[in-house]
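# Close look at the chain arrangement
Spelled out from the first residue to the last, the chains are:
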Amino acid sequence: MDDAGPKSPPATAQRAAKAPPCTMVIFGAGGDLTRRLLIPAVYNLAKDKLLSDNFAIIAADRTPKPPEAYRDTLAQGVRSFVSDTASGGETEPFDAKTWEFIAARITHFAGDFTVAETYARLGDLLKTTEAQFHTGGNVLFYLAVAPQLFGTIVDRLGAAGLAQETANTWRRVIIQKPFGSDLASARALNARILKSLDERQIYRMDHFLGKETVQNIMALRFSNAIFEPLWNRDHIDHVQITAAETVGVERRANFYEVTGALRDMVPNHVFQLLSLTAMESPNSFAADAVRNEKTKVLEAIRPLDFEDVRRNVVRGQYGPGHINGVPVQGYRAEPGVDPHSRTETLVALQLEIDNWRWAGVPFYLRTGKRMARRTTEIAIQFKKPPFALFRDTPVDILNPNVLILQIQPDEGISLQFGAKVPGPRLKLGTVQMDFRYKDYFHIEPSTGYETLVYDCMIGDAMLFNRADGVEAGWAVVQPILDLWGEDKSVPLEFYAAGTTGPAGADNLLWRSGRYWRPLAPASEPGR
Ligand code: BG6
């Protein structure tokens, strides 16, 4: 492996400039991800004038497709994206000129990704594309394929010399989640791809890091002087991280049956939220400075033994119930799911971070499908003030302050605090100060992939995972996977679809006098 990477100015200095010339090779270009998210993201970058004119796409797929029909399918994907409000933005007209810019640069390429001959042909096509679009020899390979192919494709790229950089050209590879299915497989995959690529060429993606509100956790913590002094065990009672969904398994039973909620969400998405919330301030926004701090937090999580897993981890599976008043079936009745499946669709756990900032502050995490409400949030609950002053007043309880970082939907930040209820008697009420992104900023429709694709093009890996970070995440959950794999008597608790989850999840907090923030809107019953 040649270590002579291109010399370029620091990535942060290049922000908001056009990305350098490059060819983007998408493996898995016939798939849903490409049509629904990747191509709309590239379209948005082009619309914002962030792509070089010397840009091209090679859309690599297993089967040949007529080029015009293929482009039409992609155009359709962009059209439905711009007219869809689900992204949180406002709908926008389809910009035909921008689409023409993209469409003229797409070449469809068919081949079997497991054989060497495909890569010889791809190498030839890259040379032709480089000559035609003046892409300067830079290539971004995007692996939008099934995870079993990650290792094979990287091996083949390496063997064909396609991963080779020179002093003036770069080659980078974006690898989608899931990166491994446990600690051993993640380590093995890292070891395998590091035979063909240098770490700085690898961009392990976690799409949560493409969410503006997730990136804003660092901005909130480190660009405001008022939070950091309070951000520790002296002032914080506990932290709750919730990633609740109302969707069920959808049409992904094959994947989900062998994956489950823990693997699907915790070592990746939920731990991104946890590490950004709990990490120390990095010395800069350089990718390694930030990733060092994030990894350190995960490494400081107190390792769980089997007893801890039994006490502090709860797994659940949804049964039949109602979502928004509509009856839905239970997990075991979903198409493709084993009627006796023991796969968890919800997991709730308590972790401790054993370092100077956090020792003694429980972190409660929960994620599940078919829950009462779709919400992803981080709630920082502060310690209660001393009660003495209120002892001889009608006030019988002081509610703690809670800072809520609402990741999605209704992106924003809220602070809960006590205030005197007007009137002659001393009575306290809990009030909330709310900041909503959409009240302050115009939000363009975005897939969340724009920043990540652009960052890879400019060589900024801050929002991507490094090998040690991925492995540290798996290392935390490995004892849970081990116990669940070994001991079939560990309970799987059932919860009705549309509720807040099983009783065990509540008990995790109740046993220490705490409770989850409500999931259901106040007007609706929680379960
Ligand atoms: C994916 C999981 O990585 O993240 C899905 O595989 C989950 O099961 C999804 O639904 C959640 O992402 P988002 O952006 O919809 O919150």
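Bear in mind the structure is a predicted one, so any value in this text is a computation, not a measurement.

## As for the sheet that holds strand 4 (residues 139-143)
Across the sheet, which stays open at both edges, the 6 strands sit in the order 3-2-1-4-5-6 with parallel pairing between neighbours. Pairing within the sheet leaves two strands with one partner each, and these edge strands are strand 3 (106-110) and strand 6 (202-204). Recorded for the sheet is a direction-independent mean angle of 20° between the axes of neighbouring strands. For strand 5 (residues 171-175) and strand 6, the ladder comprises 3 bridges, and the chain directions are parallel.

## A word on unusual backbone geometry
In this structure, proline 178 follows lysine 177 across a cis peptide bond, with omega equal to 0°. Among the structural elements, proline 178 can be located in the loop between strand 5 and helix 6 (183-193). That bond from glutamine 408 to proline 409 is cis: its omega, -20°, falls within 30 degrees of zero. Within the secondary structure, proline 409 sits in the loop between strand 14 (402-408) and strand 15 (412-420). Positive phi outside glycine occurs at asparagine 324, with the angle close to 50°. Mapping asparagine 324 onto the fold places it in the loop between strand 9 (321-323) and strand 10 (326-328). Despite not being glycine, aspartate 410 has its phi angle at roughly 55°, a positive value. You can see aspartate 410 is positioned in the loop between strand 14 and strand 15.

## Some details on the domain arrangement of the chain
When cut into domains, the chain gives domain 1 (22-176) and domain 2 (209-387 + 466-510). Once you take the C-alpha centre of each, domain 1 and domain 2 turn out to be 33 Å apart.

## Things to note about the sheet that holds strand 15
Pairing is mixed across the open sheet formed by 9 strands, whose spatial order is 16-15-14-13-7-12-11-8-17. Unpaired on one side and paired on the other, strand 16 (428-436) and strand 17 (493-496) mark the two borders of the sheet. Between one strand and the next, the sheet's axes are offset by a mean angle of 20°, whatever the strand orientation. With 7 bridges joining them, strand 11 (residues 346-352) and strand 12 (residues 362-368) adopt antiparallel strand pairing. When the bridges of strand 12 are listed, glutamine 350 appears paired with tyrosine 364. Here helix 9 (residues 260-278) sits on the sheet and contacts strand 7 (236-244), strand 11, strand 12, strand 13 (375-382) and strand 14; the angle it forms with strand 12, its principal contact strand, is near 140°.

## Considerations on the state of the cysteines
Evaluated as defined, the whole model comprises 0 disulfides. Among the cysteines around cysteine 22, which has no disulfide bond, cysteine 456 carries the closest sulfur, lying 8.2 Å off. On the accessibility criterion, cysteine 22 (0% relative accessible area) is buried.

## As for the pairing of strand 12
For strand 12, a buried count of 7 out of 7 residues is recorded, marking the element as mostly surrounded by other parts of the structure. Alternating positions in strand 12 separate into two faces, Pro362, Tyr364, Arg366 and Gly368 on one and Phe363, Leu365 and Thr367 on the other, with burial throughout. Inspection of the sheet shows strand 7 paired to strand 12 by 6 bridges, in the parallel sense. Its bridge partner lying in strand 12, valine 239 is registered against phenylalanine 363.

## Re the environment of glutamate 165
Secondary-structure assignment places glutamate 165 in the loop between helix 5 (150-159) and strand 5. Taking relative accessible area as the criterion, glutamate 165 reaches 5% and is therefore assigned buried. Along the backbone, glutamate 165 and asparagine 216 are 51 residues apart, and their C-alpha atoms lie at a distance of 33 Å.

## So, the side chain of threonine 343
Here threonine 343 is to be found in the loop between strand 10 and strand 11. Side-chain polar atoms of threonine 343 contact the backbone oxygen of glutamate 257, separated by 2.8 Å. In this structure, threonine 343 is in contact with Tyr256, Glu257, Gly260, Gln317, Tyr331 and Leu492, ignoring residues within four places of it in sequence.

## Looking at the site of the ligand
If you check the shell around the ligand, you find Lys177, His207, Phe208, Lys211, Glu245, Arg252, Asp264, His269, Lys369 and Gln408 and nothing else. Between the ligand and histidine 207 there is a distance of 2.8 Å, counted from an oxygen atom to a side-chain nitrogen or oxygen. Measuring from an oxygen atom of the ligand, one finds a side-chain N or O atom of lysine 211 at 2.5 Å. Expressed as a share of its isolated accessible area of 390 Å², the protein-covered part of the ligand is 79%.

## Concerning the pattern of salt bridges
Applying the stated criterion across every chain, the model contains 26 salt bridges. The closest approach of N and O atoms between arginine 200 and glutamate 165, which form a salt bridge, is 2.6 Å. Of this pair, arginine 200 sits in the loop between helix 6 and strand 6 while glutamate 165 sits in the loop between helix 5 and strand 5; the two residues are 35 residues apart in sequence, bridging distant segments of the chain. Residue classification places arginine 200 among the partly exposed residues on the basis of a relative accessible area of 35%. Notably, a salt bridge pairs aspartate 434 with arginine 436, separated by 3.7 Å at the nearest N-O pair. On the basis of relative accessibility, which here comes to 47%, the residue aspartate 434 falls in the partly exposed class. Connected via shared salt-bridge partners are Arg221, Glu228, Glu280 and Arg357.

Criteria and thresholds
Residues numbered from 1 in each chain as written. Predicted model: local features only at pLDDT ≥ 70, side-chain atom pairs only at ≥ 80, totals over all residues. Heavy atoms only, no water. Pairing = 2+ DSSP bridges. Helix = DSSP H or I, 4+ residues; strand = E, 2+ residues; numbered from the N terminus. Axes fitted to C-alpha atoms, helices over the stretch in contact; angles between N-to-C directions. Domains from an automatic or database assignment. Contact = heavy atoms within 4.5 Å. Disulfide = S-S within 2.5 Å. Buried < 20%, exposed > 50% of the residue type's maximum accessible area, 1.4 Å probe, protein only. Polar contact = N/O pair within 3.5 Å; in protein donor to acceptor, adjacent residues only side chain to side chain. Near = heavy atom within 4 Å. Areas by Shrake-Rupley, 256 points an atom, 1.4 Å probe, with all protein chains shown as cover. Salt bridge = Lys/Arg side-chain N within 4 Å of Asp/Glu carboxyl O.

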